[in-house]
Amino acid sequence: GLLQWQSMAFGKSAEMSWFKRQGAVLRPHRSSGEVNFHRGVATTLQWRSLSFSFFISRRSLSGRVLYDTAGHRQGIGSISTSGYHRTPSERSGRNALVQSTIGGRLSLRWKSLELSLNTVGYHFSLPLMPNGEPRNVFDVRGKNWLNASADFSFTQRNVHGFGEVALDANRALAWVFGLIIT
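Everything in this summary refers to the structure shown in the same document.

As for the overall build of the protein chain
No. 1: Counting its secondary structure elements, the protein chain contains 1 helix and 9 strands.
No. 2: For the protein chain, the α and β elements follow one another from N to C terminus as β-β-β-β-α-β-β-β-β-β.
No. 3: Each of the 182 residues in the protein chain was classed as buried or not, and the buried ones make up 26%.
No. 4: For the protein chain, the share of sequence-separated contacts (at least 6 apart) that also reach a separation of at least 24 residues comes to 47%.
No. 5: Accessible surface, the protein chain as shown: approximately 12500 Å² in total, 57% of it carbon and sulfur.

Here it is as structure tokens:
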């Protein structure tokens with residue numbers, strides 16, 4: 001959910017069961033999208049009720065390259081999500097950024113309770129430097145970024161509870177909690 005979700009998700013709705021994101025921790029990319037996936041290796045190791053999932057990824061991204069007055073690359077102003085390289089400006093930013101990602105999930109299951117710790121770290125070959133517009137105030141900045149979270153879920157008869165608390169590199173906190181009773 002909060003830390004990283006790379007699968008189908010529905011928008012706002014009165015249907016509360018859509019509120020919870022659930023699915024396999026690791027799964028192959030099956031979309032035509034150009035950005036929202038990782039290219040690398042992943043595995044899950046399990047011993048009794050404890051499991052550890054791990055992935056590492058390295059891929060090139062296209063974006064708007066920022067130059068200093070001497071013409072040297074200074075950073076990336078924005079990452080292109082369209083996948084198009086039609087104009088000279090778009091072509092000059094093609095594969096301009098290398099993103100290396102590493103992540104893991106440590107999970108403990110006891111009866112119907114599951115507790116997990118999650119982390120994802122990013123390293124960029126050039127610093128991300130979004131402009132100062134208000135819509136970019138929470139954007140990733142710099143060459144390194146780290147997200148971490150803890151989540152839980154449980155089912156007791158006809159009650160299912162779940163939640164996640166996440167923290168990013170700027171110490172911005174986000175949380176979501178839900179209870180579904182049928």
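Considering the environment of G161
No. 1: In this structure, G161 sits in strand β8 (residues 159-168).
No. 2: Here G161 falls in the buried class, since its relative accessible area comes to 1%.
No. 3: With 17 residues separating them along the chain, G161 and G178 place their C-alpha atoms 5.7 Å apart.
No. 4: Beyond its immediate sequence surroundings of up to four residues, G161 is in contact with F152, S153, F154, G178 and L179.

A look at a nonpolar patch on the surface
No. 1: Where nonpolar side chains cluster on the molecular surface, the patch consists of L45, W47, L50, F52, L106, L108, L115 and L117 and spans about 770 Å² of accessible area.
No. 2: Looking at the element boundaries, L117 is found in strand β6 (residues 113-128).

Digging into the packing of aromatic side chains
No. 1: Across all of its chains, the model carries 4 aromatic pairs by this definition.
No. 2: Both rings, one in F152 and one in F154, keep their centres 6.4 Å apart while their planes meet at 10°; by these two values the pair is stacked.
No. 3: One aromatic cluster is present, formed by F152, F154 and F177 through successive ring pairs.
No. 4: Here the basic side chain of R59 rests over the ring of F37, its NZ or CZ set 4.1 Å away from the ring centre.

Notes on the environment of G63
No. 1: Relative to the helices and strands, G63 resides in strand β3 (residues 63-67).
No. 2: Along the chain, G63 and L128 lie 65 residues apart, while their C-alpha atoms are 9.8 Å from each other.
No. 3: The residues contacting G63, other than those within four sequence positions of it, are I76, S78, I79, S80 and G93.

Some thoughts on the pattern of salt bridges
No. 1: For the coordinates displayed, the defined rule picks out 5 salt bridges.
No. 2: A salt bridge links E90 to R86; the shortest N-O distance between them is 3.2 Å.
No. 3: On the basis of relative accessible area, E90 is assigned to the partly exposed category, the value being 24%.
No. 4: The shortest N-O distance in the salt bridge between R135 and E133 comes to 2.7 Å.
No. 5: In this structure R135 comes out as exposed when scored by relative accessible area, which is 66%.
No. 6: Three or more residues joined by partner-sharing salt bridges are found here, namely R105, R109, E114 and D151.

Here we look at the nonpolar core
No. 1: Counting 13 residues, the largest nonpolar core has I76, L97, V120, Y122, F124 and L128 as its most contacted members.
No. 2: Counting residues per element, the ones that place at least two in this core are β2 (50-61) and β6.
No. 3: In terms of residue count, the dominant contributor to this core is β6 (5 residues).

What to know about unusual backbone geometry
No. 1: Positive phi is not limited to glycine here, since N95 has a value of about 55°.
No. 2: Considering the arrangement of structural elements, one finds N95 in the loop between α1 (88-92) and β5 (97-110).

Side note on the side chain of E164
No. 1: Looking at the secondary structure, you find E164 in strand β8.
No. 2: This buried residue, E164, is left without a salt bridge; R105 holds the nearest opposite charge, at 6.5 Å.

Overview of the environment of R59
No. 1: Note on placement: R59 falls in strand β2.
No. 2: Classification of R59 by relative accessible area gives buried; the value is 6%.
No. 3: Taking the C-alpha atoms as reference points, R59 and V98, 39 residues apart in sequence, are found 5.7 Å from one another.
No. 4: Separated by 3.2 Å, the side chain of R59 and the backbone oxygen of F37 make a polar contact.

How each quantity is defined
- Residues numbered from 1 in each chain as written.
- Predicted model: local features only at pLDDT ≥ 70, side-chain atom pairs only at ≥ 80, totals over all residues.
- Heavy atoms only, no water.
- Helix = DSSP H or I, 4+ residues; strand = E, 2+ residues; numbered from the N terminus.
- Buried < 20%, exposed > 50% of the residue type's maximum accessible area, 1.4 Å probe, protein only.
- Contact = heavy atoms within 4.5 Å.
- Areas by Shrake-Rupley, 256 points an atom, 1.4 Å probe, with all protein chains shown as cover.
- Patch = residues over 30% accessible without salt bridge, like charges linked within 9 Å, V, L, I, M, F, W, Y side chains within 5 Å.
- Salt bridge = Lys/Arg side-chain N within 4 Å of Asp/Glu carboxyl O.
- Phe/Tyr/Trp six-rings, centres within 6.5 Å; stacked < 30°, edge-to-face > 60°.
- Lys NZ or Arg CZ within 6 Å of the ring centre and 35° of its normal.
- Core = buried A, V, L, I, M, F, W, Y, C linked by side-chain atoms within 4.5 Å.
- Lys, Arg positive; Asp, Glu negative; His and termini not counted.
- Polar contact = N/O pair within 3.5 Å; in protein donor to acceptor, adjacent residues only side chain to side chain.

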